[in-house]
Structure formats: structure tokens, C-alpha cells
Amino acid sequence: MLQRSSLKIRLLATFPLLVFFSSYVYAEVMDKELSLSSMYLYGLIGSVVAILSARYKPWLLLLALSLPVLYFYGLILEINDPYVGPAILNEAGPIYIFSAYMLSAFLVFSPFIGTICRKHNMSLKSDAKR
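Residues numbered from 1 in each chain as written. Predicted model: local features only at pLDDT ≥ 70, side-chain atom pairs only at ≥ 80, totals over all residues. Heavy atoms only, no water.

1. Let's talk about the nonpolar core
Part 1 of the reasoning: The biggest cluster of nonpolar side chains holds 18 residues, and the ones touching the most others in it are M39, F72, L75, I79, I88 and Y96.
Part 2 of the reasoning: Listed by contribution, the elements that provide at least two residues to this core are α2 (36–56), α3 (61–79) and α5 (94–129).
Part 3 of the reasoning: The dominant element in this core, judged by the number of residues it contributes, is α3, at seven residues.
Part 4 of the reasoning: If near-sequence neighbours (up to four positions away) are discounted, I88 is found in contact with V29, M30, E78, I79, G93, Y96 and I97. (Core = buried A, V, L, I, M, F, W, Y, C linked by side-chain atoms within 4.5 Å. Buried < 20%, exposed > 50% of the residue type's maximum accessible area, 1.4 Å probe, protein only. Helix = DSSP H or I, 4+ residues; strand = E, 2+ residues; numbered from the N terminus. Contact = heavy atoms within 4.5 Å.)

See the structure below:
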């Protein structure tokens, strides 16, 4: 019986402390996101790999674009979320959001750039044969 009452006293004593200290704990959004430099690295490497894939082996685009497209799609969804988006803007600033959109657009257009390079190279080879 003594153990139960001491357990109740401990719970009653720690509960107000937990309530008091929980007001100081909050989750930051940017702890769960990539840093700006990592995002640039991921976006630029993904875009270069997509350009080279479209240029030399177009069927590799399915593999080359799968991870970067999924990452940037998720990031754009989080930026446009009504609760997470303002927190990202507050913590990381407008440059983070601008960079996310810019790198996403570059990732989307990089296969077209590679395809244009492929077509240009094919026309140069056909002109050289003449």
C-alpha cells in the first residue's frame, strides 16, 4: 500500500513539471528538411545526370529522375502546405523557397536540354557523313 501511495505522489509531483516544461518544447520544421547547400547539390547533380542520361541513354531517365523528382515533389508539397509552408518561410527564408522552385524547374527541363543536345549531335554526325 505504501508503494502505491508513493507512486501517486511521484506522478502528482512530476505532472506539473511536465506541463510546465512542455511549453518550452516545440518542433522546428527545418530540422527535418535538407539544408540549402544539400538541396542545391541534390538538384544540380540530379539535373546533370538527367541531361547526360537524355543525351546518351534516354531509357536511363527513369532511373535518373526517380529520386530527385520524388524529393522535390515532396518539398513543393510541404512548401504549399498551409501550416508547414509559413514555418519554412519563417525559419529558412524566401531564398530557400525560391531555390526549391528554381531547382524543381531545372530538374523538369533538364531532360529536354539533354534531348536537344542529342538531336544536335545527331544532326552534326549526319552532316559529317555527307
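2. Section: the confidence of the model for the chain
Part 1 of the reasoning: Taken as a whole, the chain shows an average pLDDT of 85; of its residues, 84% reach a score of 70 or greater.
Part 2 of the reasoning: Averaged pLDDT values for the elements of the chain fall to 68 in helix α1 (residues 2–22) and rise to 94 in α2. (pLDDT = per-residue confidence, 0-100.)

3. Section: the packing of α2 against α3
Part 1 of the reasoning: One way to put it is that α2 packs onto α3 with a least axis distance of 9 Å and a crossing angle of 150°. When the axis of α2 is compared with that of α3, the two are roughly antiparallel. Relative to α3, α2 is oriented so that their crossing is left-handed. Here α2 contributes M39, Y42, G43, G46, V49, A50, S53 and A54 to the contact with α3, which in turn contributes L61, A64, L65, L67, P68, Y71, F72 and L75.
Part 2 of the reasoning: Of the residues assigned to the contact of α2 with α3, the class counts are 13 nonpolar, three polar and no charged. (Axes fitted to C-alpha atoms, helices over the stretch in contact; angles between N-to-C directions. Parallel < 35°, antiparallel > 145°, perpendicular 65-115°, else oblique. Left-handed = near helix turned anticlockwise from the far one by under 90°. Nonpolar A, V, L, I, M, F, W, Y, C, P; charged D, E, K, R; others polar.)

4. Thoughts on the side chain of E33
Part 1 of the reasoning: Inspection of the secondary structure assignment puts E33 in the loop between α1 and α2.
Part 2 of the reasoning: Lacking a salt bridge, the buried E33 has K32 as its closest oppositely charged neighbour, with an N-O distance of 8.6 Å.
Part 3 of the reasoning: When residues no more than four places from it in sequence are discounted, the contact partners of E33 are L75, E78 and Y96. (Lys, Arg positive; Asp, Glu negative; His and termini not counted. Salt bridge = Lys/Arg side-chain N within 4 Å of Asp/Glu carboxyl O.)

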